[in-house]
Each structure stands twice: as C-alpha cells, then as structure tokens.
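Fold and contact review
As a plain string of letters, each chain reads:
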Amino acid sequence: MEEIEVTSWLTLDAIKNATKPEETVGDLQTGHCMSVFCRIEDDFLELCYSDSASNFMRRYEDKDEFQLAIEKRKEEVGDSRYDDKVGFNDNFVEEDIEEDLSPVEESEEF
C-alpha cells in the first residue's frame, strides 16, 4: 500500500469522476470522513475525504488487499455486515422481564 496526502477535495473529486466508484464508506454529513474506493486500470485506490484530518489517497497492490481495506474501513465507520450469530440470547423468555417489572410497593419513608 502506498499513501499520499492530498490537500484539496477538488483533486480527489477529479480522480473520483474519472472512474466509477466501486464502494463508498462513511458520510461527511454524519461523520468526519468518507472513503471512496475505485479502480483505474490496474490501480486500486481509496480516496479519503476528511473534515478533521488530512485527506489522502491510498493505492493498494491487488484486489485482495483492496477488499480487505474496504471491510476494515466499514468496521471503523460502523457499516460492517450484521452478524446474526452474535447478539441476543436465544433462550430469552419474556416472562423473566415481567417478573422484574412488578410494581414496587410504596413506602411511607418518602
């Protein structure tokens, strides 16, 4: 991977407009950065727009490294795929909650 700093969003826009983006990760309206992944001939590029840090362009060696970078960026931004194996307990019983939510008796101490 090679990386260079780009000072202008216009430069990144010119590169982005020269090709069809394969993936866009993040959003400058809801976050601080947006990465546009694109390919120009044999070059796999990430164009990173940022409103809080330096903008940069990364060039990846091959498609595998490029795909790994997309997945990594999605995890950083929170756009990663939902894993249905992780999460709520399958043994959840609604009755358990109802017991915990029973009315509390009022005391005269208040």
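All residue numbers here refer to positions counted from 1 along the written sequence of the relevant chain. Note on the predicted model: pLDDT of at least 70 is required for a residue's local features to be given, and 80 or more for side-chain atom pairs to be given and counted; whole-chain, interface and lining totals, by contrast, use all residues. Heavy atoms throughout the structure, all of them, feed into the side-chain values; hydrogens and water do not.

**Structural notes on the packing of aromatic side chains**
Within a pair of aromatic rings, the relevant descriptors are the distance that separates the centres and the angle that separates the planes. Formally: Aromatic rings from Phe, Tyr and Trp, with only the six-membered ring used for Trp, were paired whenever their centres fell within 6.5 Å, and each pair was classed as stacked if the ring planes differed by under 30 degrees, edge-to-face if by over 60, and tilted otherwise. Strands are runs of DSSP state E lasting at least 2 residues, helices are runs of H or I lasting at least 4, and numbering of each runs from the N terminus. Type-normalised accessible area, obtained with a 1.4 Å probe on protein chains alone, sets the label of each residue: buried when under 20%, exposed when over 50%, and partly exposed for intermediate values.
Within this structure, the stated rule accounts for four aromatic pairs. A centroid spacing of 5.2 Å and a plane angle of 45 degrees characterise the contact between Phe44 and Phe66, whose relative ring orientation is tilted. Taken together, the residues Phe44 in strand β4 (residues 43-50) and Phe66 in helix α2 (residues 63-77) connect sequence positions 22 residues apart. We classify Phe66 as buried; its relative accessible area is 0%. Aromatic ring contacts, followed pair by pair, group Phe37, Phe44, Tyr60 and Phe66 into a single cluster.

**Let's talk about the sheet that holds strand β3 (residues 33-40)**
Note the threshold: When DSSP finds two or more bridges between a pair of strands, those strands are recorded as paired. Between N-to-C directions, angles span 0 to 180 degrees; the directions come from axes that are lines fitted to C-alpha atoms, helices contributing only their stretch in contact. Between two residues, a contact is recorded if the distance between any of their heavy atoms is within 4.5 Å.
Ordered in space as β1-β5-β4-β3-β2, the five strands form an open sheet in which the pairing is antiparallel. Strands at the two margins of the open sheet, each flanked by one partner only, are β1 (2-6) and β2 (23-26). Pairs of neighbouring strands in the sheet enclose a mean axial angle of 20 degrees, with direction left out of account. As judged from the four bridges shared by β2 and β3, these two strands associate in the antiparallel manner. Paired with Thr24 across the bridge in β3 is Val36. Its contacts with the sheet put helix α1 (residues 9-17) on β1, β3, β4 and β5 (55-60), and the angle it makes with β4 is roughly 145 degrees.

**Overview of the pattern of salt bridges**
Convention followed: Between Lys or Arg on one side and Asp or Glu on the other, a salt bridge is scored when a side-chain nitrogen of the former is within 4 Å of a carboxyl oxygen of the latter.
Under the defined criterion, the tally for this structure stands at nine salt bridges. Residue Glu3 is joined to Arg58 by a salt bridge in which the shortest nitrogen-to-oxygen separation is 2.7 Å. Of this pair, Glu3 sits in strand β1 while Arg58 sits in strand β5, placing them 55 residues apart in sequence. Among the residues examined, Glu3 registers a relative accessible area of 44% and is labelled partly exposed. Counted as one network, the salt bridges with shared partners bring together Glu3, Glu46, Arg58, Arg73 and Glu76.

**Let's talk about the side chain of Glu46**
Applied cut-off: Definition of a polar contact: a pair of N or O atoms within 3.5 Å, with one able to donate and the other able to accept a hydrogen when the atoms are protein atoms, and with sequence-neighbouring residues admitted only if both atoms are side-chain atoms.
Along the polypeptide, Glu46 turns up in strand β4. Separated by 2.5 Å, the side chains of Glu46 and Tyr60 make a polar contact. Only 2.8 Å separates the side chain of Glu46 from the side chain of Arg73, close enough to count as a polar contact.

**Examining α2**
Where we set the bar: Helices are assigned an expected span. That span is 1.5 Å times one less than the residue count. Read the arc as the range of directions from the helix axis to the C-beta atoms.
Over its 15 residues, α2 runs 21 Å from end to end, which matches the ideal 21 Å to within 8%, given 1.5 Å per residue. Residues of α2 that are buried include every one of Phe66, Ala69, Ile70, Arg73 and Lys74, and no others. Seen along its axis, α2 keeps its buried residues to an arc of 135 degrees; they face one direction. In α2, the exposed positions that point more than 90 degrees away from the buried face belong to Asp64, Leu68, Lys72 and Glu75. The inward-facing, buried residues of α2 contact β2, β3, β4 and β5.

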